[in-house]
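Understanding the architecture of this molecule
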Amino acid sequence: MATTAIVGGRALVGPQLVPVARATILIRDDAILAAAAASDVDVPDGAAHVDATGFTLMPGFIDSHVHIGLASPPEVLGGGVTTVRDLAWPPRDIWSLAAESKQDDWGGPEVLAAGQMLTVPDGYPLRASWAPRNTGRAIRTASEAREAVDEQADAGACVVKVALNDLVGPTLDAGSLEAIVETAHARGLRVTGHVHGLSELHKALDVGLDELAHMLMSPEQIPPATINRMVSASMTIVPTLSCFFGTDQTIAIDNLRAFLEAGGRIVYGTDLGNEGPRPGIDPREVDALERAGLDGVDIVASATTRAADYLGLTDRGALAPGLSADLVAVLWAPGAAAVELTQVGMVWRRGRRVR
Ligand SMILES: [Zn+2]
C-alpha cells in the first residue's frame, strides 16, 4: 500500500473545516488515513513526503452547476474541482462521460449529471447558441413530463433540471411542472430550475421546486416575503454569480445577501462552460460570494462539506479519515481575501496527485 504524508502546511480539517496551523494529512491509496495537527499524527516509516509549507490543504471543490462538455476536464481538475454536477447536456454524450469519470485513472473531475433540461416546444434552451441539439427536451403534456423524468432517472440522473425562462420563449405550465416535481420526488430526485422572472419564481415555489440552478436570472429584486417563502420551503440556491455581469450581477449579489441573511442554504456552482467562469475554482464566483457576505471558510464549506451533504455524497467533502482523498492545496490562508482560494498549487483526486 502506498502512503503519502503531506506535511508543513495549514489545513481545514474535518466536517467543521477547523483551521489547523500545522497539519499532517496521511493518504493511503485512494483514501484519507488521517488529517489532524502534525503533533497528533504518526507518520509511518517509508511514507512518501510532500512539503506543503505555505499552502492550506482543503477538500476538493464540488461545482454543482457545470456543462462539462464545453470545458476541458483536466483543466477543471487541475484548478481544484474534483467533482462536478452537469446541469444539461445531450444524453448521447453525458451518460458515457459520467461512467468514464468514475474510473480511478480518469483525468478530470467525477461527473454527476441531470441529463436533458426539460422545457416546452420553442422554450429555452432549444435555440440557445451554447446548447447542442438534444440539450433540451420539449414536453407537451403532463404524461410526457412523467415519461421524461422516469427515462432520465433510469439513465442515472442525480437531479432533474427544468427551464422556466420567460425571457426567450414559453415555459412549462403548472400542470406539467407539478408532474415533473411529483415524479422526480417519487424517484428520490430533486428538481432544479433555470428561473428568469419573478412570476416564474412564484410558479416554482407553488409547485415545490427544490432548487434554483442560478440566482434569479432577471434583474429584479426578490421581495422579502418571497425570500422568506424560499427559505421556509428549504429551497436551495446554486448562485452562479460569475455568469451575471454589471448591474445584473449587483442585483444578483443583493438578492443572495438577502437570502443568506434570512437563513437560506446555498451550494457552490459556476455554470462552467457558459460565458464567465474559468475552469477550476473560479475567481469571479469566489469574489462575488465574498461580496454577498460569505468569508473564505464559508465559501469552502459551500463547495465541500455542505455540497457533499446536500448531494448525498457521503464518501467525500471533508479532510477526514476514511473519505476519498480529494484534496487541494491553495495559497489562501484563513482571514485572507477569498480570491486567494483560486491560487491552486497541488491537487489530488482519489489519492492520485494530478497537479
Ligand atoms: Zn447552466
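Residues numbered from 1 in each chain as written. Predicted model: local features only at pLDDT ≥ 70, side-chain atom pairs only at ≥ 80, totals over all residues. Heavy atoms only, no water.

1. A few points about the overall build of the protein chain
- If you tally the helices and strands in the protein chain, you get 10 helices and 18 strands.
- Since a compact globule built from 355 residues should have a radius of gyration of about 20 Å, the 20 Å found for the protein chain is in line with a globular shape.
- Dimensions of the protein chain along its principal axes, counting C-alpha atoms only, are 65 × 40 × 35 Å.
- Taking all 355 residues of the protein chain together, 58% fall into the buried category.
- Excluding contacts between residues fewer than 6 apart, the proportion of contacts in the protein chain whose partners are at least 24 apart in sequence is 66%.
- Of the accessible surface of the protein chain, which amounts to about 13,500 Å², a share of 49% is contributed by carbon and sulfur atoms.
- Computing the positive centroid from 28 side-chain charges and the negative centroid from 44, the protein chain places the two 2 Å apart. (Helix = DSSP H or I, 4+ residues; strand = E, 2+ residues; numbered from the N terminus. Rg over C-alpha atoms; globule rule 2.2 N^0.38 Å. Buried < 20%, exposed > 50% of the residue type's maximum accessible area, 1.4 Å probe, protein only. Contact = heavy atoms within 4.5 Å. Areas by Shrake-Rupley, 256 points an atom, 1.4 Å probe, with all protein chains shown as cover. Lys, Arg positive; Asp, Glu negative; His and termini not counted. Charge placed at Lys NZ, Arg CZ, Asp CG, Glu CD.)

2. Re the layout of surface pockets
- As a volume, the largest pocket reaches approximately 290 Å³.
- Roughly 160 Å³ of internal volume is contained in the second largest pocket.
- What lines the second largest pocket is simply Arg85, Leu112, Cys158, Val159, Gly188, Leu189, Arg190, Glu211, Tyr310, Leu311 and Leu313.
- Its residues assigned to classes, the lining of the second largest pocket shows 7 nonpolar, 1 polar and 3 charged. (1 Å grid on protein atoms, 1.4 Å probe; cavity = no way out; pocket = protein on both sides within 12 Å on 5 of 7 lines; lining within 4 Å. Points joined across faces, edges and corners; volume = space filled by probe spheres on them. Nonpolar A, V, L, I, M, F, W, Y, C, P; charged D, E, K, R; others polar.)

3. Re the packing of aromatic side chains
- If you walk through the whole model with that rule in mind, you get 1 aromatic pair.
- Their ring planes at 75° and their centres at 5.2 Å tell us that Phe61 and Tyr268 sit as a pair that is edge-to-face. On the criterion of sequence distance, the pair formed by Phe61 in strand S6 (residues 61–66) and Tyr268 in the loop between strand S15 (265–266) and helix H8 (283–291) is long-range, its members being 207 residues apart. Here Phe61 matches Tyr268 in class, with each residue buried. (Phe/Tyr/Trp six-rings, centres within 6.5 Å; stacked < 30°, edge-to-face > 60°.)

4. What to know about the pairing of strand S16 (residues 327–330)
- Judged by which residues are buried, S16 turns out to be covered on both faces: Leu327 and Ala329 on one side and Val328 and Val330 on the other are all buried.
- Sheet topology places S16 next to strand S17 (residues 344–349); 4 bridges connect them, and they run antiparallel. Bridged to Ala329 within S17 is Met346. (Pairing = 2+ DSSP bridges.)

5. Structural notes on the coordination of the zinc ion
- Taken together, His65 (NE2), His67 (NE2) and Asp271 (OD) make up the full set of protein donors to the zinc ion, lying 2.0 to 2.2 Å away.
- All donors to the zinc ion come from one chain, and their sequence spacing reads H-x1-H-x203-D. Of this pair, His67 sits in the loop between S6 and helix H1 (73–78) while Asp271 sits in the loop between S15 and H8, and the two are 204 residues apart along the sequence. The exposure classification of His67 matches that of Asp271, with both residues buried. (Donors = N, O, S within 2.8 Å, 3.2 Å for Na, K, Ca; no water.)

6. Brief notes about the sheet that holds S6
- Taken in spatial order, the 3 strands make up an open sheet running S6-S7-S8, and their pairing is parallel. Among the strands making up the open sheet, the edge pair consists of S6 and strand S8 (110–113). For this sheet, the mean angle separating the axes of adjacent strands, direction not counted, is 20°.
- In the sheet, strand S7 (residues 81–86) pairs with S8 via 4 bridges, with the strands oriented parallel. (Axes fitted to C-alpha atoms, helices over the stretch in contact; angles between N-to-C directions.)

7. Side note on the nonpolar core
- Counting residues in each nonpolar core, the largest one holds 80 residues, and the members touching the most others are Met58, Val162, Ile180, Leu201, Met230 and Leu341.
- Filtering out sequence-adjacent residues up to four positions away, Met230 remains in contact with Leu201, Leu205, Leu212, Ile222, Met235, Ile237 and Phe259.
- Counting residues in hydrophobic clusters, the runner-up holds 19 residues, among them Val20, Ala52, Leu319 and Ala325. (Core = buried A, V, L, I, M, F, W, Y, C linked by side-chain atoms within 4.5 Å.)

8. Overview of helix H6 (residues 224–232)
- Taken residue by residue, H6 has Thr226, Ile227, Met230 and Val231 as its buried positions. Buried positions in H6, seen along its axis, are confined to an arc of 140° and lie on one side of it. Seen from the open side of H6, the exposed residues pointing more than 90 degrees away from its buried face are Ala225 and Ser232.
- On its buried side, H6 packs onto helix H5 (198–207), strand S13 (211–212), strand S14 (236–237) and helix H7 (246–261). (Arc of directions from axis to C-beta.)

Purely geometric stuff here, so don't read any function into it on its own.
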